[in-house]
Each structure stands twice: as C-alpha cells, then as structure tokens.
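Secondary and tertiary structure notes
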Amino acid sequence: MTKKIGSETVKINNLTKRFGSFTALNGVNLTITEGEVFGLIGPNGAGKTTTIRTLLGILQATSGNASVFGMDAWKDAVEIHKRIAYVPGDVNLWPNLTGGEVIDLFLGLRGKHEKIRRDKLLKAFDLDPTKKCRTYSKGNRQKVALIAAFASDADLFILDEPTSGLDPLMERIFQECVLEQKNKGKGVLLSSHILSEVERLCDRVGIIREGKIVETGTLDELRHLTRITMSIETERPITDIAQIAGIHDLMEDQGIVSFQVDADEMANVVSHIARFKVKKIESNPPKLEDLFMRHYDINGGA
Amino acid sequence: MRGSFDNSLNLTKLIIKRERLMTPLWIIMLVLFSVGIAVGMGDMFPAEARQALAETLNNPAMVAMMGPIFGADNFTIGAMYGTLMMLWIVMTVAVMNIFFIVRHTRADEERGRVEVIRSLPTGRIANLNAAVISAVAINAVLGLLTSFCLYIINVETIDLAGSLLSGAAVFASGLLFAAIAAVFSQLSASSRGAVGYSFLALGVFYMMRAAGDINAEILSLLSPLGLVQRSQFFIENNWLPTIVILIQAAAVFAIAYTLNAKRDLGQGILPARPGRSEASKMMRSQFGLSFRLVKNTLITWLIVMFLLGASYGSIMGDIDTFVSESEFYQALIGAVEGFSTAEMFTSMVNSIMALMAMIPLLIIALKLRSEEKEHRAEVVLSGVVPRINHLAGYAILAFIASLLLQLATALGLFLAIEAVLPGGTTLGFLLRANLVYLPALWVKIGIAILLTGLLPKITSVVWGYFAFSFFTVFLGRILNLPNWIANLSPFAFIPELPVDSINYAPLTVLTVIAVVLTAAGLVFYRKRDMDY
C-alpha cells in the first residue's frame, strides 16, 4: 500500500439519494484527505447517516458518486471495507452472544485478530467481555463496536455519533483513541452532536442541512464566516455605532455596550470605538455551537 | 460487483452459533413427532381398520383437509402414513424454515445488526447466503434424520425406499419455504411483514391444494403442498415432485439473491404507508395503546377465520353429491340419524376452527411479554399506569377477541352454507356450536396470562400446549388416542354440536379455571420484577 500524504481518502461528488419521493441527500459534495479528522455535523434528519451509509455501499446513490480510497463505494464495497472501521450510533448486537464473542467476530470478519490491542482496549473502556449482549446497556453495546473498530488496523474510521451512550470518562478515552489514530495518519469521519468533541478532534468540519453540505472548512475558516461577540466599556458614551455595517444585537447596560459583529467588518468597528477611549474590551470568537445554530435556526442567521 | 459472497462461511458459523439451541430443538421435536406417529399408526391400526379408515376418509371434506387418499385399495401403514401425515410434516417444516430465514435476514436487518456486518469486508449477499447455507444444512440434517429414523423403527411397509423419499421431500420442501421467506424478506421492510407474507403463501398453497384435490388437480400441482403429496410415499415413491420442488427452491432463491444484491439496506421493495401524525383520542391511554398494538393482528385473523369458515362451508354442496353416490357414507350418516351431512361436517370444522382461533388469541395474550422483552413495557409502566391494569388490558382484549373470532367463523360458515345449500343450517345453531368452544379458549388464555405473571421466561410453553391440543383434536379423529391423553387438553371437554348436546357443567368448570388462572397471573405480575 503506497501512501501519498494529502491524497483523497473520501470523495463524494454531487451525491443525491432519494427514498421514493423523499430526497434524503440533494447533491452532497465532500472530500476527506488522508490523515484528516473530518467532523460532519447537522440536525436530526439532515442526511448524516444517509451520507455515511452511502459511503459504506449499503445504500446505492440515486445520482452522483461516492468513492473511498479511489474505489467506487457501491461496486467495490468489500475491498473498501477491508480498510474501513465503522461504528454506528445505534449498536444492536445478538442477545445470546457475549461482548467478547462479538468483538472477535468483527475482527475475524476482517481476517486479522489483534489480541493485544483488543485486550488493551477492553481494559481502557472497562468492558466485561464475558457478559451476554442482551445484558449490555446502550453505552456498553457502543463500547463493543468501538473496541472492535479501534482494535483493527483500518485506514479510515467512520464513526456515526459513536459516543451518544458513553459517560464523560469513556468519552475521553474515545477521544484519545481518535487522536491516536490521527497521529498514525489514519483518516476519521466523525458525525456527532457533541460539538465540544468535534471542536477538540476535528481538523475540518462540514455542516449538513436538508441533504446539502451548507458549509465546510477548518474551524478557523468557518469562524470568519460568522460573528464575534464583543462587549466594550468606554469613558465617553459610544455614539453612532448602530450605523456601522455588520453590527447586530446591539445592547447597552450601565455603560457597557455589547453587540455581535460580522468578522469581516471588525476593522471598521475597532477604528470607530477607538475614539471613545476604551477602558475595557472583551471579544469572544464564535463557538462551533454558534456556527451550528446560525445554520440551523431557520429564523436566525444573516 | 466483486466479492458479493465474501465471508459467507464466517457468517454461517455465526448463525450456527446463534442457533445452537433453537434449531436442534426444532429438529428433535419434528423427528420425534413424525417418527412417533409412524410407530403409533403401526400399533393402532390392524389391516381391516386401515381399510375402513381409507373409505371413511375418501370423501370431499376429508380430501379437502388431508389431501387425496392414495393407495386406498391396499391401505398399508406406509400408505396411510404418507397420505395422512406427510402434508402436516411438510407444513411444520415450512413454518420452521420461515421463522429461521426471517430471523437471520430481515429481522437482523431491521434491528441494525446487518448494518455492522455489512460495514465489514463481507459481501452484499453474504448475510442472505449464510442464512441459505445454514438452511440447506439444517434441512439436510432434518431430512437425513427423518429417513434414518423412519427406516430403523422397522414398521411394516415403511420401507427404505419410502423413508429415503420422505426425508428427501422434507429437505426439498423445507428449502422451498426457506426460499419463499427469503424473497419476502427482501420485499417487505419489516420482519413482521416477511413472516406474514410467507405464512400467507403457505395458507394460499394449502387452500389451492384443498380446492385442487376436490375438483381441479392442476391447482394441486401448482401448490408445492399438493405436489409433494403426489409423491405417493410408501406406495409409488415418485421422486419427481421432490426434484421439481428442489428446482423451484433454487429458482426462488435466485430471485431472493438478485433482489438482495440490488436493494438498499433497510429498505423493502413493497411500499410502506405513512402513518398518522397524531395519536387518535382512543390511543392516548394504556388500554388504547394495547388495543392499537393488537388491532391489526386481530383484524387480519378475523378475516382469515371468516374466509376459512366460508371455504369450509362452500364444500358442503359437494358433500351431499358425494353422500348420494356412496353407500358407505350413507350408512355412516344413517348411524347418527337426525343430523344432516352438513351439520356432521360442521361439527368437525368447528373444532378445527376453534384451534385456529387459538393462534391470534395466544399472540394477544402473550403480547405484554413480547413488549417486556423489547423493553417497551417499561416505558408504559413508568407512566401513571398501575401494573395490574397493563396485563389486565391484554387479558380483556384476548377474551373479547375470542368472542369475535368465533363469531367470524360462524358467520363465514353460515353465509357459505346458505349459498351452496340454502336452508342447510341455521345461524343460531352455528353460533351455539362455535361459542361453546369459548371456555376452552379462555383456559388457554388464562395459562398464557399466568405464565406472563409467574414464569415469564417460559411463556412460550403455552404454544407447546397449543400444539398438543391441536394434535389431540386433529389426530384424535383419525387415531384412537387413549382418553387420558385427550383429556389433558381443555378441548376434550367441549361438546361437539349437534352430535353431542350442551352440558353446562364442564363448561362452567373450564370457565372457572380460566378466571382463576387469569386472576393468579395478574396478581403474580404485580409482584414480580421486570424480566428481559
């Protein structure tokens, strides 16, 4: 296997998927390069899972195409899957097999059994492999899938809301596992609702809404697209600030003025307020949550 | 598409591991049943009795139910076994295969297990293929054991050639129904749908055979059930039906594979209707929910019972033609003077229909247990619902359903008889003849409720008891079972109108037993832990 840094692991081109008359994906474009952790965020029903299932070749694209490692996601599914590890959000296992048996089954289907890594991960995730799956809680079933995934030597990890059932301690272990894979140069596609997790782990983020990728880029790039929250205290009262382009949600409380400003109008604002003798200035870069909200909230946004 | 079958063998191993209990149990029960009957027939029927039976059975009603009587001239034990039993053995094997295939294909897919499997380097068809390989193995073991055991019991005329063919026929028809279930698992997006359509197919094949055996043989040949009977086991030992069924199975499997390779995971091919966006007023209560959950089952079965009643009723016309032609049958009718042929026949149909009604009734009575296993009962119980009401709701539904089902049967019979034989019977008589079975049905419901409350792990035992009743009633008409065995089933105490007259004492006792069982079940349920 030759590895070229920066080559495309995943390439989704104008992907459309319809179920009957319902359009689940409406022209999705997405690229993930090697060694990159890509975060896919979006509300329920936006198309995250459909995108992932199409990548896995278990749904067939209505039009457009999806390729992984340069191979067609539908036609070459088996070849692709030899180098992919997948963890679904809702893991359902066979009630009368033990967790250990299921992990070994998943590893066995790949053909390689990494006993040492498996046992290390069992310990890290604190999972009892001798229990029958019917007795596992949601979090424990998720651990089974996570252990089977991280114990494999896959080149791309596809994780669909993998931590929805984990406690904060296990969530941390999970993050360590992802970073470890990233450091090994493996690619990760992480779909998640936990934005702090995405912020911490992901190099690039794509926001999906109503079957379309509405925004994609590094967190820094995305931040430029949104507003910065500022609060300013000046000696002289600020005047005429409302007239400056790009100011929103202006409020004044006991001499402290707070507002949001479009990132690209920042220079104008700063030069304007400088004239009123600034005593104190606070600015908060937008959080992923703000980005998220701006794209989802139908009434909000620009 | 490369590697569509990759990892099939590993997945087959997984299926076999998961099936380590269930399938061996099915196989043992099936072999014990089919071989046990053969031994029993050998012991209980001397030659003259068999010959008399062959003549008794050779009438349209019995032919509709059991199939054509082959080898009636020399009704050997083998001929009797092949003629009367193979149909039922094959149908039971079909049921096993339907459940098996759906369990490992659509049901696993519905639960999201196939998704993980498919994300691994397994072929697109590998999961279905593994289920099919397992089915071939299971049916092969079943067929071989059937052949082997039939041969070694050393019953006269149950010879090697016939035993081999019987096993082969079991193998082939098991696979055909596995294939049918595999196709419906692709077509329907739910395991319920897949099982439902497969059973519908089995039912249609049975009816085709019934209609075909009476007056249009082509229908029987088109039905695998009719076809397999034409093997004439232990008489002609014709291998052609078995070969044809094997070819049909292969063709149907090919359809299933093709559909599976083309379709999206989790999707069916038959459309699913959108549901309502708001709960109806009726459903916003615990009882309303329970009703909603069993409504479709109940409606389906009411239609099934009505249609079955009607189809039995519709052969009344032929019965009279037959009676006028057969001195033997006239003699038989004369023996119970005062009753019309139609009435005699309905008395038998009624007992069979009451047994059929047990199926939906047990599904309803055991519904809470299945809700509990799927962790849905706890959501309801966490609301302001007293526990006892929850189970009582299903019990009440089952009791109401028992009444409705019996009414549907009576009505179906009445309308059909009225059409073919005007004035042949009265609705009042049919109502009495069917409703008289209610106490026996209630006892079974009571047992289901008691098990739910007391021994939730083994509620399915009641299905075994149902099977027992089925065979005592059904085979009791053909074999002379000892009384004490027949009396273990509540159905033994139900008078068969109009031959018997209504005796209220046993009916009252059965009703009291049913009430006590149900009440005990409710009390135990209130006290016990949730159990998954």
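Residues numbered from 1 in each chain as written. Chains lettered and ligands numbered in written order. Predicted model: local features only at pLDDT ≥ 70, side-chain atom pairs only at ≥ 80, totals over all residues. Heavy atoms only, no water.

Moving on, we come to the interface of chain B and chain A. Contacts between the two partners involve 31 residues from chain B, matched on the other side by 32 residues from chain A. Among the residues of chain B in contact with chain A, R113, E115 and P121 of chain B are the three that bury the most area, contributing 20% of the side total. At the junction of chain B and chain A, the tally comes to three salt bridges. Between D264 of chain B and K17 of chain A there is a salt bridge, with the nearest N and O atoms lying 2.4 Å from each other. Inspection of the region where chain B meets chain A yields 18 residue pairs in polar contact (both at pLDDT 80 or more). At the level of secondary structure, the elements contributing two or more residues to the side of chain B that touches chain A comprise α1 (8-18), α7 (113-119) and α13 (240-262) of chain B. The element contributing the most residues to the side of chain B that touches chain A is α7 of chain B, with six residues. (Contact = heavy atoms within 4.5 Å. Buried area = accessible area lost by both parts, 1.4 Å probe. Salt bridge = Lys/Arg side-chain N within 4 Å of Asp/Glu carboxyl O. Polar contact = N/O pair within 3.5 Å; in protein donor to acceptor, adjacent residues only side chain to side chain. Helix = DSSP H or I, 4+ residues; strand = E, 2+ residues; numbered from the N terminus.)

Right, let's talk about the nonpolar core for a bit. Among the nonpolar cores identified, the biggest contains 209 residues, and F106 of chain A together with Y81 and Y312 of chain B are the most heavily contacted of them. Ignoring sequence-local partners within four residues, the contact set of F106 of chain A consists of L93, W94 and A148 of chain A together with V116, I117 and L120 of chain B. Of all hydrophobic cores here, the second largest spans 28 residues; its members include L25, I52, V68 and I84 of chain A. (Core = buried A, V, L, I, M, F, W, Y, C linked by side-chain atoms within 4.5 Å. Buried < 20%, exposed > 50% of the residue type's maximum accessible area, 1.4 Å probe, protein only.)

All names here are of chain B. Taken together, the side chains of F148, Y151, I152, L160, L164, W239, L240, I243, V244 and I247 define a hydrophobic patch exposed on the protein surface, amounting to about 970 Å² of accessible area. Elements that contribute at least two residues to the nonpolar patch include exactly α8 (126-152), α9 (160-187) and α13. Ranked by residue count, the leading element in the nonpolar patch is α13, at four residues. Along the polypeptide, L160 turns up in helix α9. (Patch = residues over 30% accessible without salt bridge, like charges linked within 9 Å, V, L, I, M, F, W, Y side chains within 5 Å. Areas by Shrake-Rupley, 256 points an atom, 1.4 Å probe, with all protein chains shown as cover.)

Residues and elements named next belong to chain B. Structurally, Q406 can be placed in helix α20 (residues 387-420). Of the residues examined, Q406 reaches a relative accessible area of 0% and is grouped as buried. If sequence neighbours within four positions are ignored, Q406 has contacts with A354, A357, N434, L435, Y437, L438 and L441.

A few words on the packing of helix α14 (residues 286-313) of chain B against α20 of chain B. Residue and element names in this part refer to chain B. At their nearest, the axes of α14 and α20 sit 8 Å apart, and the two run at 20° to each other. Overall, the two elements α14 and α20 adopt an arrangement that is roughly parallel. As for the relative orientation of α14 and α20, their crossing is right-handed in sense. Of the residues in the contact of α14 with α20, the class split is 24 nonpolar, nine polar and no charged. (Axes fitted to C-alpha atoms, helices over the stretch in contact; angles between N-to-C directions. Parallel < 35°, antiparallel > 145°, perpendicular 65-115°, else oblique. Left-handed = near helix turned anticlockwise from the far one by under 90°. Nonpolar A, V, L, I, M, F, W, Y, C, P; charged D, E, K, R; others polar.)

Attention shifts here to helix α6 (residues 168-183) of chain A. Residues and elements named next belong to chain A. Taking 1.5 Å per residue as the helical rise, α6 with its 16 residues ought to reach 22 Å, and the 22 Å between its terminal C-alpha atoms agrees with that figure. Among the residues of α6, those classed as buried are M170, E171, I173, F174, Q175, C177, V178 and Q181. Looking at the buried residues of α6, the elements they touch are β3 (37-41), α4 (115-124), α5 (138-150), β7 (156-160), β8 (187-191) and α7 (195-201). (Expected span 1.5 Å × (residues − 1).)

This part takes up the sheet that holds strand β12 (residues 247-253) of chain A. Within a sheet, adjacent strands bond to each other through the backbone by hydrogen bonds, running parallel or antiparallel. Residues and elements named next belong to chain A. Strands sit in the order β12-β13-β11-β14 across an open sheet of four strands; the sheet is antiparallel. Only two strands of the sheet have a single partner each, and these edge strands are β12 and β14 (278-284). The average angle at which neighbouring strand axes cross in this sheet is 15°, direction not considered. Strand direction decides the pairing type here: β12 and strand β13 (residues 256-262), joined by five bridges, are antiparallel. Paired with M251 across the two strands is S258, which belongs to β13. Its contacts with the sheet place helix α9 (residues 266-273) against β11 (227-234), β12, β13 and β14, and it is angled at close to 155° to β13. (Pairing = 2+ DSSP bridges.)

All right, on to the confidence of the model for chain B then. All names here are of chain B. In the predicted model, chain B carries a mean pLDDT of 87, and 92% of its residues have values of at least 70. Scored below 50 in pLDDT, residues 331-335 shows three contacts in the model against residues more than four places distant or in partner chains. Of the two predicted TM-score estimates for the complex, the pTM is 0.77 and the ipTM is 0.77. (pLDDT = per-residue confidence, 0-100.)

Take empty space enclosed by the protein next. Summed over all chains, the structure comprises seven cavities of 30 Å³ or more. Here the largest cavity defines a volume of roughly 100 Å³. When grouped by side-chain class, the residues that make up the lining of the largest cavity number three nonpolar, five polar and five charged. In this structure, the second largest cavity occupies an estimated 80 Å³ of space. What lines the second largest cavity is simply A85, Y86, F106, R110, A145, A148 and A149 of chain A together with V116, S119 and L120 of chain B. Where the lining of the second largest cavity is concerned, the elements lending two or more residues are β6 (84-87), α3 (99-110) and α5 of chain A together with α7 of chain B. Sorting elements by how many residues they give to the lining of the second largest cavity places α5 of chain A first, with three residues. When the residues that make up the lining of the second largest cavity are grouped by side-chain class, the tally is eight nonpolar, one polar and one charged. (1 Å grid on protein atoms, 1.4 Å probe; cavity = no way out; pocket = protein on both sides within 12 Å on 5 of 7 lines; lining within 4 Å. Points joined across faces, edges and corners; volume = space filled by probe spheres on them.)

What follows concerns the packing of aromatic side chains. Taken as a whole and judged by the stated rule, the model has 16 aromatic pairs over all chains. Arranged with centres 5.6 Å apart and planes meeting at 25°, the rings of F184 of chain B and Y197 of chain B form a pair that is stacked. Taken together, the residues F184 of chain B in helix α9 and Y197 of chain B in helix α10 (residues 191-215) connect sequence positions 13 residues apart. Judged by centre distance (6.2 Å) and plane angle (55°), the rings of F466 of chain B and F470 of chain B are tilted. Of this pair, F466 of chain B and F470 of chain B both sit in helix α23 (residues 461-476), four residues apart, roughly one helical turn. Each of the two residues, F466 of chain B as well as F470 of chain B, counts as buried. Taken together, the ring pairs connect F33, W463, F466, F470 and F471 of chain B into an aromatic cluster. Directly above the aromatic system of F69 of chain A lies the positively charged group of R83 of chain A, at a separation of 3.8 Å from the ring centroid. (Phe/Tyr/Trp six-rings, centres within 6.5 Å; stacked < 30°, edge-to-face > 60°. Lys NZ or Arg CZ within 6 Å of the ring centre and 35° of its normal.)

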